[in-house]
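# Descriptive structure summary
The chain contents come next:
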Amino acid sequence: MTTTASPEAGERTARTDRPGAQAPRAPRFGRLRRIGLPYLLLLPALLLELLVHLVPMATGIAVSFKELTQFYLRDWINSPWAALENYRVALDFDAPVGQALLSSFATTCLFTALSVALCWVLGVSAAIFLQESFRGRGILRTLFLVPYALPVYAAVITWSFMFQRDNGLINHVLHDQLGLADTPPFWLIGENSFVALLVVSVWKGWPFAFLIVTAGLQNIPRDLYEAAALDGAGIPQQIRRITLPSLRPVNQVLVLVLFLWTFNDFNTPFVLFGNAAPESANLISLHIYQSSFQTWNFGLGSAMSVLLLLFLLAVTSAYLLFTSRGRQAGDA
Amino acid sequence: MRRNKAASVGALVLSLALTSAACGGGTSGGSNEQPKTLTYWASNQGASIEVDKKVLQPELDKFEKETGIKVKLEVVPWSDLLNRIMTASTTGRGPDVLNIGNTWSASLQAGGALMPWDDAAFQKIGGKDKFVESALGSTGAEGKPPAAVPLYSMAYALYYNKKLFKEAGISKPPATWDELVSTGKKLTKDGKAGLGVEGSNLSNNIHQVFVLGKQHGVDFFTPDGKADFTSDGAVAAVKQYVDLMATHKIVPRGNAEYEQNQSLSDFATDKTAMVLWQTAAATFAAKGMSEDEWGVAPAPVQSGAPGQGKGTNSMVAGINLAVFKNTKNSEGAMKFVEFMSSDGEQKILNKAYGSIPPVKTAQQDPAFNGPGIATLRETLTTSAAALPQVPEESQFETVVGTAVKELFAEAAAGRPVTDQLVRAKLDKAQQQMPKK
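You'll find chain B entered in an unreviewed UniProt entry as Multiple sugar transport system substrate-binding protein, with Streptomyces candidus given as the organism.

Identification of chain A as Multiple sugar transport system permease protein from Streptomyces candidus is taken from an unreviewed UniProt entry.

### Here's the deal with the pairing of strand β2 (residues 70-76) of chain B
Residue and element names in this part refer to chain B. Direction of pairing for strand β1 (residues 37-43) relative to β2: parallel, over a ladder of seven bridges. Looking at β2, one finds that Ala 42 is bridged to Val 75. This β-α-β element, β1 to helix α2 (residues 49-67) to β2, shows right-handed connectivity.

### Quick word on the interface of chain A and chain B
Listed as interface residues are 34 residues of chain A and, on the opposing side, 38 residues of chain B. When residues of the side of chain A that touches chain B are traced back to their parent elements, those giving at least two are α2 (22-63), α4 (96-129) and α12 (284-294) of chain A. For the side of chain A that touches chain B, the element with the most residues is α2(A), which contributes nine residues.

### Comments concerning the sheet that holds strand β3 (residues 97-101) of chain B
Residues and elements named next belong to chain B. Taking strand neighbours across the sheet as the criterion, the five strands line up as β2-β1-β3-β10-β4 in an open arrangement whose pairing is mixed. Both outer strands of the open sheet, β2 and β4 (149-154), are each paired with one neighbouring strand and no more. Pairwise comparison of adjacent strand axes, ignoring direction, gives a mean angle of 20 degrees for this sheet.

### A look at helix α16 (residues 371-382) of chain B
All names here are of chain B. The end-to-end C-alpha distance of α16, which contains twelve residues, comes to 17 Å, matching closely the 16 Å that a straight helix rising 1.5 Å per residue would cover. Of all the positions in α16, only Ile 373, Leu 376, Thr 379 and Leu 380 are classed as buried. Along the axis of α16, the buried positions cluster into a sector of 120 degrees, meaning they face one direction only. Against α6 (133-136), β4, β5 (156-161), β9 (314-315) and β11 (384-385) lie the buried residues of α16.

### Focus: the domain arrangement of chain B
Residue and element names in this part refer to chain B. Each assigned domain of chain B is listed with its residue range as follows: domain 1 (37-154 + 317-385) and domain 2 (156-315 + 388-431). Once you take the C-alpha centre of each, domain 1 and domain 2 turn out to be 27 Å apart. Contacts between domain 1 and domain 2 engage 25 residues on the former and 25 residues on the latter. Elements with a minimum of two residues in the side of domain 1 that touches domain 2: α4 (105-111), α16 and β11. Considering each element in turn, the side of domain 1 that touches domain 2 owes the most residues, five residues, to α16. Here the side of domain 1 that touches domain 2 is built from residues that sort into eleven nonpolar, 13 polar and one charged.

### Observations regarding unusual backbone geometry
The residue Ala83(A) is not glycine, and still its phi comes out positive at about 50 degrees. By secondary structure assignment, the location of Ala83(A) is in the loop between α2 and α3 (85-91).

### Looking at the pairing of β5(B)
Residue and element names in this part refer to chain B. Burial analysis of β5 places six of its six residues in the buried class, which makes it a mostly covered element. Every second residue of β5 is oriented toward a common face, with Tyr 156, Leu 158 and Tyr 160 on one face and Ala 157, Tyr 159 and Asn 161 on the other, all of them buried. Sheet topology places β5 next to strand β7 (residues 272-278); five bridges connect them, and they run antiparallel. Pairing of Ala 157 across the sheet is with Trp 277, part of β7. The pairing of β5 with strand β8 (residues 294-297) spans four bridges and is antiparallel. Along β8, the bridge assignment pairs Tyr 160 with Gly 295.

About the criteria used
- Position numbers for residues start from 1 in each chain and track the written sequence from start to end.
- All chains are assigned letters beginning with A, and all ligands numbers beginning with 1, in the order in which they are written.
- Local features in a predicted model are, by the rule used here, given only for residues with pLDDT of at least 70; side-chain atom pairs are given and counted only at 80 or more, and totals for whole chains, interfaces and linings are based on all residues.
- One requirement defines pairing of two strands: DSSP has to find at least two bridges between them.
- Only runs of H or I of at least four residues qualify as helices and only runs of E of at least two qualify as strands under DSSP, and these elements are numbered from the N terminus.
- For crossovers, right-handed means that the path from the first strand over the helix to the second runs clockwise, given strands pointing away from the viewer.
- C-beta atoms are first placed from the backbone for all residues, and any pair lying within 7 Å is then listed as a contact.
- Lines fitted to C-alpha atoms define the axes here, with helix axes fitted over just the stretch in contact, and angles between the N-to-C directions of these axes take values from 0 to 180 degrees.
- The span expected for a helix works out to 1.5 Å for each residue beyond the first.
- Think of it as a crowd count around each C-beta: if 20 or more other C-beta atoms lie within 10 Å the residue is buried, if 12 or fewer it is exposed, and in between it is partly exposed, with C-beta placed from the backbone throughout.
- What the arc covers is the set of directions going from the helix axis to the C-beta atoms.
- Domain borders in the structure are assigned automatically or taken from a domain database.
- Here the nonpolar group is Ala, Val, Leu, Ile, Met, Phe, Trp, Tyr, Cys and Pro; Asp, Glu, Lys and Arg are the charged ones; every other residue, Gly included, is treated as polar.

Next comes the structure, spelled out in structure tokens:
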């Protein structure tokens, strides 16, 4: 035992015997390591975030300043710089490209406003309706969530079959059975396509509003309602005075998320209308896709995307600023 | 402490791995790094992707037996093919050999992702002369080495439903547009339609108005490659096509939203008497029609006699085979193209797809001389013209195809389709083309 112990002891002695420099450095190094470790552990996540989110965004912004057409596809990094040319073309509202972008933007704004409003009204109404417990509530809740749970492609393709003029279910009901239209209307081309798109978007979007509001409702204490009922408040007044104000923080996020998702929605119009959406349903995301992938002008498409990003950033910041101020004022 | 150390090392390794993944890129230029494998993107030629796999796999096995090179097959649907090729071009990671629609040749050639077929390259697969001249006309811009070689050739023709013709007491198919309209009117009754179109299918719209443009003596591009969509002839061509629904009413209004070959289903279920289509035999068979239930005649021309110039009654339709410039097996890729364009394979594949071999010697096979296919072969050799071989062809398909789609939507809504409206739509299309 002694033979094995002695060299260790000797070593230890030798270490402590070394001149002063080593001794104070050790705690500093240790402190550095202590502080550094969390950052080191965060590093992979940070790099992954950079890789997945920021690098593509930065590339997109860089591409928007390039003349990236079909001629430079293979060596796109070395495509010529176009300065602000792509932005000039996109924002020249007297020329067809700018006009088309503007009209698509207007369509998207109208579509988003209607879709978000309808999703919200339906979601909140259904959630309030299902707040009281009754027989079959669980089944209804599950049923309402089905559109949200279905894969988007499968659901929207089914809608596109239903909207077909000659063989679709919608016209079969509206025209053949109810006799509401003289001739079967078109839903996938022409003006009605806006309505078709709105119907599918609301069908797909309202269960999310329902889900979030249902969760929000769980946090409102029951005694508030009981007290209000004792004071003689009816159901409408309870909703107006208790439910809606209590849901305010939930609604703030819900409306923002619905707005962003609807404004950016690509899958629904793409699956419903294919590459060339009718003008009345030409949402901006599909329009940008057409302007880049269909015409092979990725610089212009990226410029439009950056403009869309700026718009959405501006709206989101304004919305958050406005609603938080309102909330603070309300709280005070 | 030891656990902390392990965590730090793990974090560092992961970070390094991520950084290196982010910095990785494609190689440039072809090589022979992987001589034993090839990846092949085939276009969807049969009734379904499964059918294609069944047709192609035995041939690929044969190739593997001959050369020892394993070919990994992927059949890419038409809706994805162009996007996939573009993505492969930008990343440099793609297949070794791929099918392209022959009308895309010049557009993809401009992108520089496909290996150019100069004389030396052609020599390796048996020389340029083995291909039919008209098919070579759709392989890229004039004066440049082709971007691909022809694989399957197709042509448009008028297909008619014999049962409906018999019921209406019509003995022979129409040869001129006037005859087509009068025949169509006789056939349009009792919920049946004279003619079917695919109003929302952009490519099909382009093929039809391109041919009608030729018949009116115009091209949609000037000789130096500038877009020229608003000439009187172009307006007349587009209007003539849309008028089949708008004025003559021999096309049902519902056809305006067709884009997934619904008109062929209507034809096969005796709802539509005629369609103008390219190489439809295999599709009809897949939809349960036997060969004696339909007939085929040359597509109509104004004069009734197809030929060159104003007698053009079809585009040179077809599929080309290209080699990706970044291939890691360029020798193998050449061998594969040689194999696919050999007489034996040309006969087997074109028979399976109902198309015509673009290889001269294979075309002599009696199988391509039957009554149905002979019309297509005749059209291809005497009265078909290649779509403009300009880099902007793909954009042309999109913008003019969309204009025609919108005009069909107008006609379907019962609104008049006037010369002014057609011109306005074409003008808008032209302004969306890239400025030169």
